[in-house]
Amino acid sequence: MKALVISGGGSKGAFAGGVAQYLIEELDRDYDIFIGTSTGSLLVSHLALKKIEKIKSVYTSVNNHSIFNVCPFIVNQKHGGQNIAIHHINVLINFIRGSKTFGESHNLLKLIRKTITESDFNELKESSKEIAVTVSNLSLNQVEYKTLKDFTYKEFTEWIWISCNYTPFMTLVKKYGCEYADGGLGNMVPIEEAINRGATEVDAIILQTEVLQYNRMPSRNPFSLMTNMFTFMLDRIESQNIKIGKHVASHHNAIINFYYTPTILTTNSLIFNKEKMTQWWQSGYDFARFKNQEVSQLED
């Protein structure tokens, strides 16, 4: 059984889309299992349906307004780079409303339901494909995997949304008496879960360079400090997930094909820039082609 696993990574998900497009369309990879975390969860349903152009159009046209109905930060252009600062008015209004987070991402839920139709969902439910998304149950202190065939259309699209909710910047969701947040807080790269579900070969798209090769710029304000801290923690979680995945694979005689980003795409994946994401999609496609051509030459 073959599995496609896509890590979390916010706007960098565009790169994963390009990689997956090459694997599915050019190499004709037929996956039995699709598991995504955070931005990866947005991709897996479309990839399972092979409706790649549809999800590509979303990733190459989305902006911050597409995600946030209450955006907690302002993006400033300085010295050729993008810096974020807290949007004091939006955050204050959100707290006055009784929210537990700086921002709200209900626009993303609307976008998910606009791009994944009930017809798409029913087609997947009737297929043999297994589609799952990763969520973090903060109340029970555990990671959970929500499989499409276990839920209704509205329930599963909500789980996709929850998997992407990077708290405390995005919505914290309460379901069944528990608080849920971004799956990446618990498992950025669910390789182990794919193998536990029976995968013998896993294509894992990691939205990070294989070796961390940069020093972060000094934090300019409390908001950028917080994003830097969360990114640091998620990088450590991702590293551990990969080590565990390799260990489990070795005990199950499973093969893992890794697709890391060859360069640093961005140091802030909460910024959704249409031009950059369009470039990243093409970069992912080109990288997957180069990597597989290189492997073919070595085998010859």
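Residues numbered from 1 in each chain as written. Predicted model: local features only at pLDDT ≥ 70, side-chain atom pairs only at ≥ 80, totals over all residues. Heavy atoms only, no water.

Novice: Quick one: what's the story with the pattern of salt bridges, residue by residue and with numbers?
Specialist: Under the counting rule described, the total for this entry stands at ten salt bridges. A salt bridge links Lys51 to Asp120; its shortest N-O distance comes to 2.6 Å. Of this pair, Lys51 sits in the loop between helix 2 (39–49) and helix 3 (52–59) while Asp120 is found in helix 7 (residues 118–126), placing the two residues 69 residues apart along the sequence. Its relative accessible area of 30% is what places Lys51 among the partly exposed residues. (Salt bridge = Lys/Arg side-chain N within 4 Å of Asp/Glu carboxyl O. Helix = DSSP H or I, 4+ residues; strand = E, 2+ residues; numbered from the N terminus. Buried < 20%, exposed > 50% of the residue type's maximum accessible area, 1.4 Å probe, protein only.)

Novice: Before we move on, could you go through the side chain of Thr167 and cite the residues and values that matter?
Specialist: Relative to the helices and strands, Thr167 resides in the loop between helix 8 (153–164) and strand 7 (173–175). Note on Thr167: relative accessible area 9%, which makes it buried. The contacts of Thr167, once residues within four sequence positions are left out, are Thr101, Leu172, Ala181, Leu185 and Phe230. (Contact = heavy atoms within 4.5 Å.)

Novice: So, the pairing of strand 2 (residues 33–37): which residues are in play, and what are the values?
Specialist: By the criterion of burial, strand 2 is predominantly enclosed, with five of the five residues buried. Of the two faces of strand 2, both are covered, the one formed by Ile33, Ile35 and Thr37 as well as the one formed by Phe34 and Gly36. Two strands pair when backbone bridges link them, and strand 1 (residues 2–6) and strand 2 are joined in this way by four bridges, in the parallel orientation. If you follow Leu4 over to strand 2, its bridge partner there is Phe34. Once the chain exits strand 1 it traverses helix 1 (residues 13–26) before rejoining the sheet at strand 2, and the crossover so formed is right-handed. Of the strand pairs in this sheet, strand 2 and strand 5 (residues 130–137) are connected by five bridges, and their pairing is parallel. The residue of strand 5 that forms the bridge with Ile33 is Glu130. (Pairing = 2+ DSSP bridges. Right-handed = clockwise from strand over helix to strand, strands pointing away.)

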